[in-house]
There are 2 protein chains.
Amino acid sequence: MSTERLIYLPLGGAGEIGMNAYVYGYGKPGKERLILVDLGVAFPDMDSTPGVDLIMPDMTWLQERADQLEGIFITHAHEDHIGGVAHMYSKLNAPIFARAFTANIARRKMKEHGHPEDAVQIVSAWPEVIKLGPFTVGVVPISHSVPESGGMVIDTPAGRVLHSGDFKTDPTPIVGEPFDPAVWSELSKDGVQALLCDSTNVFSPNPGRSELELGPEITKLVEDAKGMVVATTFASNVARVKTLAEAGERAGRSVVLLGRAMQRMVEASIETGVLTQFPKVVSPEEATQMPRENLMLLVTGSQGERRAASAQLARGKYRGLQLKEGDLFLFSSKTIPGNEKGVIGIINQLSEKGVDVVDDSSGVYHVSGHANRPDLETLHDLVKPKMLIPMHGEHRHLREHSRLGLSKGMASAVVVNGMLMDLTGDTPVVAEYIDTGRTYLDGSVKIGAMDGVVRDRIRMALNGHVVVTVILDEEDEPLGEPWCDVKGLAETGRSKEGLVEVLEKDLNQFLKRAGKKTLRDDDKLEEGLRRLTRQSAQNEIGKKPEVTVVVSRMR
Amino acid sequence: MSTERLIYLPLGGAGEIGMNAYVYGYGKPGKERLILVDLGVAFPDMDSTPGVDLIMPDMTWLQERADQLEGIFITHAHEDHIGGVAHMYSKLNAPIFARAFTANIARRKMKEHGHPEDAVQIVSAWPEVIKLGPFTVGVVPISHSVPESGGMVIDTPAGRVLHSGDFKTDPTPIVGEPFDPAVWSELSKDGVQALLCDSTNVFSPNPGRSELELGPEITKLVEDAKGMVVATTFASNVARVKTLAEAGERAGRSVVLLGRAMQRMVEASIETGVLTQFPKVVSPEEATQMPRENLMLLVTGSQGERRAASAQLARGKYRGLQLKEGDLFLFSSKTIPGNEKGVIGIINQLSEKGVDVVDDSSGVYHVSGHANRPDLETLHDLVKPKMLIPMHGEHRHLREHSRLGLSKGMASAVVVNGMLMDLTGDTPVVAEYIDTGRTYLDGSVKIGAMDGVVRDRIRMALNGHVVVTVILDEEDEPLGEPWCDVKGLAETGRSKEGLVEVLEKDLNQFLKRAGKKTLRDDDKLEEGLRRLTRQSAQNEIGKKPEVTVVVSRMR
């Protein structure tokens, strides 16, 4: 194996939705020059990652090959594509490339982390290209739910690779460039070795609708509203923010932006010129002085995030503004699986205030940022790649998308994180399986998903926790009685005595009966005390708690 | 206020979906004779109730009036209506009434808890009635997604109350009685004071479809399948289980029931005669000897429950049976909000095995057990009550349903848990607000939702936990150095030293500097050590952990 090859290795995003990180390489096996496309994060939840701040792909493989890494491209400014850039920068230490809007967001992140902002370089759209080792890379504008999303043209000695990035085939996306079939056709006319393609909406059977269609519907809704109107969407969906703001303006309302992300995204859009016209905005302070029927609030928190503006308005006052009977709240957004409870909780709080809530169930106030199945076929048919490799999806999405490709005569494979693929030939071939996984940002520290830290937290949450303290004298005899501190357990159980008292009584008996051999041996003693505590609690309250045993010896 | 009145007090189920418990009363204020309709549970989640086994309504108000309680009626055998009966029986100590199938399930629960099974009395369907104090109560068969659901006719000196229970207006529900408009019309001909009405599907705009329509669709799906077919639904949806089993039989497959609930429900249905014909069932052991294309497995776990048959099959083998490439898995069910991640996780595991998954997204393999908006109107129009009181719903459902009633000329109010309503007059009037809430079954113990037990668990899960141990001698001087045990925290942080070492060093310095006044005072010392530990951890790993301080004094 000394001939050069083209490789593809997803480290995140293939087999999950979130934390995208795709490596491409070209060269002799093991000596490939590499580029990374996207470096995203995923978000924690109580079920599997309590207390964690962010989830990132485990980049160990790439870190160990940082000297082979030519550069990092960020396709667009969504957190699942850009969120890891500043966190991982010092480990990868490669130049970062992105279009102006995306670069603006990336630089804000670099600055927050104390990294040099100029490590992020702005690239112009295709046909401008950047040469990096064996690669010639260009970024092709493509429509998505954030400004300036880019598909990647990666030319290699083994042929052209097209990497769709997240995309939809919207001819009129309001902000950002439309999907242009002619461009993708032209790009593909000399043959495309592989198309790496977004799979998110492969199960959506109907063609996607355009952002342009929303304006009239939303305008009608706002015009009919009697009280204050509040609308929420992802702040990065600048097109939607504009659509909403203009609907407010047409209805004679003043627009208020609430939530830091909302302000940051509009600011970045104006700075980078992706947003030229935007209705006049008034501050929350000014808004409090205006009649509520003249206001249109655009707020963060469409996914029910507890600290975002939506949740705060649902709970009570936010920046002096308050919802009441007769107001209208619009979710111009889809609820991401896992966020349902949070969103429903907000809707119910709004209901208690007498606020009318309109959500996406009618399908007229939101369009997806991803290509539906027929739209994916549109791209397939324009590109006609030798291989179709589905990416950006859970296993079920990748599998369905791959089957679709095979049914249309393209070579294809289900490639998940850690599968190092050789794309040089006529079909994708697995060259190697790489250990991958997740890294958690926890407070200010990165921990491995397998470190056991989170497992211990989950156990404490499910089982509660008991601290058992025992002091032994120089002769290994108990000095006084053992005692317990409990957290997250019922105070009393079956016997109606305090749980602590019951545990301490049982522990004391155990110590009295324990032989010298046990008392002398830390491990034995701890294990005995732990087991007894769990049994005693099980008997008393029907739960086996986590136990920390602290043995102090007066030696 | 000495005239007699008719009261209604929801203790659970009004303002939430789950743990239904509705009190009706008649008599002089404070002296009313009472009946309880339903006594259900809700299920915990990691977000708000980690480690909890079951959530029940706080029944304190009713327990304090147990001598006024004439009886408990259970409308049907879903856990959110029946699940609390055995847990609360000893506190309420009233006879329990239900139709035969529901009584069968209730008795199984009573037996498991060591309560007398004959506390549960079987009632026949309307027009048979039971006289209890001022009440004459009958149970009217109504269609739902479980056998023998019952609507309640509650006759009082203040007029007739109809309590719909959970229902749909299905003319052909396969198992159990159809919805019969003539019965509801006849029941209402002399006027109905109040209709208490299911609100679950008030936001579903189209009329519900019948269970009967599913059979042909499911049969076609199963007939076209090449490998093993597995279908999951709620086990209590005996009609669906029958529809699925018959589809399997028609396709020439042998039926296997997997999961305890599946077997228990079919058993109870046969015992009570609600299920007369059911395809022959083979055991899992027999099934392992048969060709997979001849098998149809009906399994529990449609909501992604980790221990149920679906999840176990998705992970690997279950009772000798195993899924593989080319098999078909059907979710003949809707995913309840909050369960999406679990269900999607199973679908992806199945995808990894090459199993084709069909879910309810097409709308042809599942029908809801609840009346949609037009179906609710059907009942309203048959009953024409003086008042419509929406129940069984979150606030948003109750509000929408109440508005619908008002728009149709009925008196109505949004009544949530704890609102004691006087229904004697022409409109519902709030008579009193009762403190209500939730009780958790935690292991074998009941704890209050506000006891702080669960709050402490959540904090440990989010923040991790540190135990600080300090021993002081007779002079209140530290004996040796303090030490730390940590759980659920990163091992190393900013300084690259072990977190424990860093904390111990800081704690030791604190003790050295601490004055006699601090060292002598347990509270001051503990507070100082706690604060220092949190600050030191914040500095080192960016998190402030929960801290348990154990101070031992050699006195």
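As the structure is a computational prediction, the values presented were derived from the model and not from experiment.

### Brief notes about the sheet that holds strand β14 (residues 229–232) of chain B
Residues and elements named next belong to chain B.
So, point 1. The strand order β15-β16-β14-β17-β18 describes an open sheet built from five strands, whose pairing is parallel. Each of the sheet's edge strands pairs with one partner strand only, and the pair in question is β15 (254–258) and β18 (356–358). Averaged over neighbouring strand pairs, the angle between their axes works out to 20° when direction is ignored.
So, point 2. As defined by bridge partners, β14 adjoins strand β16 (residues 295–299) across four bridges and the pair is classed as parallel. Looking across to β16, one finds that Val230 is bridged to Leu297.
So, point 3. Packed onto the sheet, helix α6 (residues 214–224) meets β14, β16, β17 (328–331) and β18 and runs at close to 165° relative to β17.

### Some details on helix α8 (residues 260–271) of chain A
Residues and elements named next belong to chain A.
So, point 1. Over its 12 residues, α8 runs 16 Å from end to end, which matches the ideal 16 Å to within 8%, given 1.5 Å per residue.
So, point 2. Those residues of α8 not exposed but buried are Met262, Met265, Val266, Ala268 and Ser269. Taken down its axis, α8 places every buried residue within 160° of arc, on the same side. In this structure, α8 carries Arg260 and Glu271 as exposed residues pointing more than 90 degrees from its buried face.
So, point 3. Once α8 finishes, Gly273 follows within two positions and takes phi at roughly 80°, a positive value.

### Topic: the interface of chain B and chain A
So, point 1. Each partner contributes to the interface: chain B provides 60 residues, whereas chain A provides 60 residues.
So, point 2. Taking both partners together, chain B and chain A bury about 5,100 Å²; carbon and sulfur atoms supply 59% of that area.
So, point 3. The three residues of chain B that bury the most area against chain A are Met46, Met460 and Lys487 of chain B, which together make up 13% of that side's buried surface.
So, point 4. Applying the counting rule to chain B against chain A returns eight salt bridges.
So, point 5. In this structure, the salt-bridge partner of Asp45 of chain A is Lys341 of chain B, at a minimum N-O distance of 2.6 Å.
So, point 6. Of all elements in the fold, only α11 (340–352), α13 (395–407), β25 (445–448), α14 (453–463), β26 (465–472), β27 (483–487), α17 (522–541) and β28 (546–553) of chain B reach the threshold of two or more residues within the side of chain B that touches chain A.
So, point 7. Considering only residue class, the side of chain B that touches chain A consists of 24 nonpolar, 17 polar and 19 charged.

### Remarks on the pattern of salt bridges
So, point 1. Tallied over the full model, the rule gives 72 salt bridges over all chains.
So, point 2. Residue Arg108 of chain A is joined to Glu271 of chain A by a salt bridge in which the shortest nitrogen-to-oxygen separation is 3.2 Å. Taken together, the positions of Arg108 of chain A in helix α4 (residues 100–112) and Glu271 of chain A in helix α8 put the pair 163 residues apart, joining distant regions of the chain.
So, point 3. Residue classification places Glu271 of chain A among the exposed residues on the basis of a relative accessible area of 51%.
So, point 4. The partner of Arg399 of chain A in a salt bridge is Asp356 of chain B, with the nearest N and O atoms 3.1 Å apart. Residue Arg399 of chain A is found in helix α13 (residues 395–407), and its partner Asp356 of chain B is found in strand β18; the two belong to separate chains.
So, point 5. In this structure Arg399 of chain A comes out as buried when scored by relative accessible area, which is 11%.
So, point 6. One network of salt bridges, with partners in common, ties together Asp476, Arg520, Asp522 and Arg553 of chain A.

### Re the pairing of strand β12 (residues 159–163) of chain B
All names here are of chain B.
So, point 1. In terms of burial, β12 is a largely internal element, four of the five residues being buried.
So, point 2. Two elements, strand β11 (residues 150–156) and β12, share five bridges in a ladder whose sense is antiparallel. Opposite Asp155, over in β12, you have Arg160 as the bridge partner.
So, point 3. Taking the residues between adjacent antiparallel strands as the criterion, β11 and β12 are bridged by two residues.
So, point 4. Pairing geometry for β12 and strand β13 (residues 194–198), over three bridges, is parallel. Paired with Val161 across the two strands is Ala194, which belongs to β13.

### Comments concerning the UniProt feature "domain: Metallo-beta-lactamase" (unreviewed entry) in chain A
So, point 1. If you check UniProt for "domain: Metallo-beta-lactamase" (unreviewed entry), the listed places come out as residues 18–218 of chain A in our numbering.
So, point 2. The straight-line gap between the two end C-alpha atoms of residues 18–218 of chain A is 30 Å; of that span, 20% is helix and 27% is strand.

### Structural notes on the environment of Gly165 of chain B
Residues and elements named next belong to chain B.
So, point 1. Its location among the elements puts Gly165 in the loop between β12 and α5 (181–187).
So, point 2. Gly165 sits 390 residues away from Arg555 along the chain, and the two C-alpha atoms are 65 Å apart.
So, point 3. When residues no more than four places from it in sequence are discounted, the contact partners of Gly165 are Thr75, Gly150, Asp198 and Met391.

### Let's talk about the relation of the copies chain B and chain A
So, point 1. Between the two copies, chain B and chain A, the superposition gives an RMSD of 0.1 Å; the rotation angle is 180° and the shift along the axis is 0.1 Å. A rotation of that kind, with that shift, is consistent with a two-fold axis.
So, point 2. Of all interface residues in chain B, 100% are interface residues in chain A too; the two copies therefore contact each other through one and the same surface.

### Looking at the domain arrangement of chain A
All names here are of chain A.
So, point 1. We note that the domain assignment places domain 1 (5–206 + 368–448), domain 2 (211–358) and domain 3 (464–553) within chain A.
So, point 2. One C-alpha centre belongs to domain 1, the other to domain 2, and the line joining them spans 31 Å.
So, point 3. Both faces combined, the contact of domain 1 with domain 2 buries some 1,400 Å², and carbon together with sulfur accounts for 62% of it.
So, point 4. On inspection of domain 1 and its partner domain 2, the count reaches two salt bridges.
So, point 5. Taken together, the connections running from domain 1 to domain 2 amount to six residue pairs in polar contact (both at pLDDT 80 or more).
So, point 6. Of the residues in the side of domain 1 that touches domain 2, the class split is eight nonpolar, four polar and four charged.

### With respect to the packing of aromatic side chains
So, point 1. Per the counting criterion, the structure on display carries 12 aromatic pairs over all chains.
So, point 2. Ring geometry for Phe179 of chain B versus Trp184 of chain B: centroids 6.5 Å apart, planes at 15°, classification stacked. Of the two residues, Phe179 of chain B and Trp184 of chain B, neither departs from the other in class, the shared state being buried.
So, point 3. Ring geometry for Phe329 of chain B versus Phe331 of chain B: centroids 5.1 Å apart, planes at 45°, classification tilted.
So, point 4. Here a set of aromatic residues connected by ring pairs shows up, and it is made of Tyr8, Tyr22 and Tyr24 of chain A.

### A closer look at helix α11 (residues 340–352) of chain A
Count 3.6 residues to each turn of an α-helix, and residues three or four apart come out pointing the same way.
Residues and elements named next belong to chain A.
So, point 1. For α11, which comprises 13 residues, the first-to-last C-alpha distance of 18 Å matches the rise-based estimate of 18 Å (1.5 Å per residue) to within 8%.
So, point 2. Of the positions making up α11, those classed as buried are Glu340, Val343, Ile344, Ile346, Ile347, Asn348, Leu350 and Ser351.
So, point 3. Remark: Gly354 follows α11 within two positions and exhibits a positive phi of approximately 85°.

### Brief notes about the sheet that holds strand β14 (residues 229–232) of chain A
Residues and elements named next belong to chain A.
So, point 1. As summarised here, the arrangement of the five strands in space is β15-β16-β14-β17-β18, forming an open sheet in which the pairing is parallel. Each edge of the open sheet is held by one strand with a lone partner, namely β15 (254–258) and β18 (356–358). Within this sheet the neighbouring strands show an average axis-to-axis angle of 20°, counted without direction.
So, point 2. Helix-sheet contacts for helix α7 (residues 238–250) involve β14, β15, β16 (295–299) and β17 (328–331), and the interaxial angle to β16 is about 170°.

### Overview of unusual backbone geometry
Negative phi characterises most residues that are not glycine, and trans characterises most peptide bonds.
So, point 1. Between Trp126 of chain A and the following residue, Pro127 of chain A, the backbone shows a cis peptide bond with an omega angle of 15°.
So, point 2. Mapping Pro127 of chain A onto the fold places it in the loop between β8 (120–122) and β9 (129–132).
So, point 3. With a phi close to 50°, Arg319 of chain B is a non-glycine residue in the positive phi region.
So, point 4. Topologically, Arg319 of chain B is positioned in the loop between α10 (309–315) and β17.

Procedures and definitions
- Residues numbered from 1 in each chain as written.
- Chains lettered and ligands numbered in written order.
- Predicted model: local features only at pLDDT ≥ 70, side-chain atom pairs only at ≥ 80, totals over all residues.
- Heavy atoms only, no water.
- Pairing = 2+ DSSP bridges.
- Helix = DSSP H or I, 4+ residues; strand = E, 2+ residues; numbered from the N terminus.
- Axes fitted to C-alpha atoms, helices over the stretch in contact; angles between N-to-C directions.
- Contact = heavy atoms within 4.5 Å.
- Expected span 1.5 Å × (residues − 1).
- Buried < 20%, exposed > 50% of the residue type's maximum accessible area, 1.4 Å probe, protein only.
- Arc of directions from axis to C-beta.
- Buried area = accessible area lost by both parts, 1.4 Å probe.
- Salt bridge = Lys/Arg side-chain N within 4 Å of Asp/Glu carboxyl O.
- Nonpolar A, V, L, I, M, F, W, Y, C, P; charged D, E, K, R; others polar.
- UniProt positions renumbered as here; feature names shortened; annotations may be inferred.
- Least-squares fit on C-alpha atoms with pLDDT ≥ 70 in both.
- Domains from an automatic or database assignment.
- Polar contact = N/O pair within 3.5 Å; in protein donor to acceptor, adjacent residues only side chain to side chain.
- Phe/Tyr/Trp six-rings, centres within 6.5 Å; stacked < 30°, edge-to-face > 60°.

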